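Overview (structure and organization)
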Amino acid sequence: MDFRYKIVYNKERQLFSHNLYFWGKPVVRRKYISTRAIKNGMVIDQAIVDRTGRILIARKTILDDFLIEALRKMAISGIYIREGEEDPEEDVIEASPEVEEKIEKLKVADRARVNLSESVKKRVTEGVKYLYSDTASADLTDTAARVTGNLMDSIMENDAVALNIDVLKVSDEYTFKHSVDVSTISMLIAKKSGFPEMDIQRIGMAGLLHDLGKSKVPNEVLNKAGKLTEEEFAIMKKHSLYGYQILKERKDIPQEVLMGVLQHHEKINGKGYPMGVSAEQISEYAKILSIADIYDALVTERPYKKAFSQQDAIEMIMAMTDELDITYMRNFLAIMILYPVDSVVTLSNGERARVVKNNPQYPLRPTVVSIKTGAVYNLSEDIKCASLIIE
């Protein structure tokens, strides 16, 4: 029998599905759903345990109305369920009861993450499109404030402190998506950094508007599929200045927002643009925006480049200590969740493992448990795991 096992990352749902394939056709699929969406007859694909480790609902249990109501009363926001046909050979990829029990005992829930409802995504998309379609609009500031307010509400409603970047996708159009990504990432960094709510919301506005000046860049330069010439790049680099000039005439745009837009490409070593100023002359907003801007540009595919993986992008950010503010960089790392708890990963030693705990300071190195042996690998703290990486 042609047996294959695949780990599939669903970008739309920000979740890993663990699929068993025979002859290339999926047989069993594991996916995460909201407790509100559970229906009678679904099969749970995780154990529900209490604080003492007792199993309240065993894995593979068929859920009925009583159990569904119990899950909701326990305030469990979502669970993994199984979909597809059972197969006796599936056991080769399952953890033993002993390993499953160890996984459940060691599991530490991820920090609360930002979640944008479909209605919020729709409002945000419409607002951002409006902002970039008419930069001279009389109500540009009000629209930007309203969109930022929607994003702020999504962060504050569950006290979100972390992010899966793909949850933010509001549009396939790069400018709109990028503006929302930079805005939200920047707000989370500011929140993590202890900024007051007014500043968090203002930095969100700066994120939304940071590329407004690109509306003044000729399309043949802005959308060029190949590498820009020196002359073309010189034109492109003016977009932050153009954005500042568009906004400075408006008396209702805070000065901090203006400086964030103007300086979001400055570097603390003085090698950025448009002014080439160094750390002490760069606004705090701009220092945060630059990290969010670089990261999102790296993980987004463009006509002239492929997208980097989130893991590679984070490693590249971490290597930019001479260009980016180290404190804000650390706080950026703390908001990223690359391997959600319960996702399955492959280690460089060939073992498949389940993620049981994330370390906010080391998003690339969570604690995992081998599905086959039950061995625990604390990738961020155990020196014996120094040579192990997630592939």
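Here we summarise the structure given alongside this text. Per chain, residues are indexed from 1 in the order of the written sequence. With the structure being a predicted model, the display of local features is reserved for residues of pLDDT at least 70 and the display and counting of side-chain atom pairs for 80 or more, all residues being used for whole-chain, interface and lining totals. Here the side-chain values reflect all heavy atoms present in the structure, with hydrogen atoms and water set aside.

1. A look at the packing of helix H11 (residues 284-299) against helix H13 (residues 326-335)
The geometry of a pair of packed helices is captured by two quantities: the angle between their axes and the separation between those axes. Orientation is described by lines fitted to C-alpha atoms, with helices fitted over the stretch in contact, and by angles between N-to-C directions that extend from 0 to 180 degrees. Think of it this way: any DSSP run of H or I at least four residues long counts as a helix, any run of E at least two long counts as a strand, and we number them from the N terminus. Taken N-terminus to C-terminus, the directions of H11 and H13 make an angle of 45 degrees; their axes are 10 Å apart at the nearest point. By the angle between their directions, the pair H11 and H13 is classed as oblique. Helix-helix and strand crossings are classified by hand; for H11 and H13 the assignment is right-handed. Residues Glu284, Lys287, Ile288, Ile291 and Tyr295 of H11 lie in contact with H13, whose contacting residues are Tyr328, Met329 and Phe332. Put simply, angles under 35 degrees are roughly parallel, angles over 145 are roughly antiparallel, angles from 65 to 115 are roughly perpendicular, and the rest are oblique. We call a crossing left-handed when the near helix sits turned anticlockwise from the far one by less than a right angle, and right-handed when that turn is clockwise. Residues are treated as being in contact if the distance between any of their heavy atoms lies within 4.5 Å.

2. Some remarks on the nonpolar core
Counting residues in hydrophobic clusters, the biggest one holds 75 residues, and the most contacted among them are Ile185, Leu209, Tyr295, Phe332 and Leu347. Element by element, the count of residues in this core is highest for H11, at 9 residues. Setting aside residues up to four positions removed in sequence, Phe332 forms contacts with Ile185, Ile189, Ile291, Tyr295, Ile314 and Ile317. Among the buried residues, those of types Ala, Val, Leu, Ile, Met, Phe, Trp, Tyr and Cys that are joined through side-chain atoms within 4.5 Å form a nonpolar core. Three exposure classes are used, based on accessible area relative to the maximum for each residue type with a 1.4 Å probe and protein chains only: buried under 20%, partly exposed in between, and exposed over 50%. Among the nonpolar cores identified, the runner-up in size contains 11 residues, and Ile44, Ile68, Leu71 and Ile79 belong to it.

3. Details of the sheet that holds strand S8 (residues 344-346)
Strand pairing follows a simple DSSP-based rule, namely that at least 2 bridges must link the two strands. Strands sit in the order S8-S9-S10-S11 across an open sheet of 4 strands; the sheet is antiparallel. A strand with exactly one partner marks an edge of an open sheet, and here the two such strands are S8 and strand S11 (376-378). Each adjacent strand pair in this sheet contributes to an overall mean axis angle of 35 degrees, direction not counted. As paired strands, S8 and strand S9 (residues 352-357) are joined by 3 bridges and run antiparallel to one another. Bridge pairing links Val345 to Ala353 in S9.

4. Focus: unusual backbone geometry
Here the residue pair Tyr273 and Pro274 is connected by a cis peptide bond, since its omega of 15 degrees sits within 30 degrees of zero. Within the secondary structure, Pro274 is located in the loop between helix H10 (255-263) and H11. Even without a glycine there, the phi angle at Asp159 is positive, about 50 degrees. With respect to the helices and strands, Asp159 occurs in the loop between helix H4 (140-156) and helix H5 (174-192). Judged by its relative accessible area of 47%, Asp159 falls in the partly exposed class. A positive phi is found at Asp342, a non-glycine position, where the angle reads about 90 degrees. As for its placement among the helices and strands, Asp342 is situated in the loop between H13 and S8. A relative accessible area of 3% means that Asp342 is categorised as buried.

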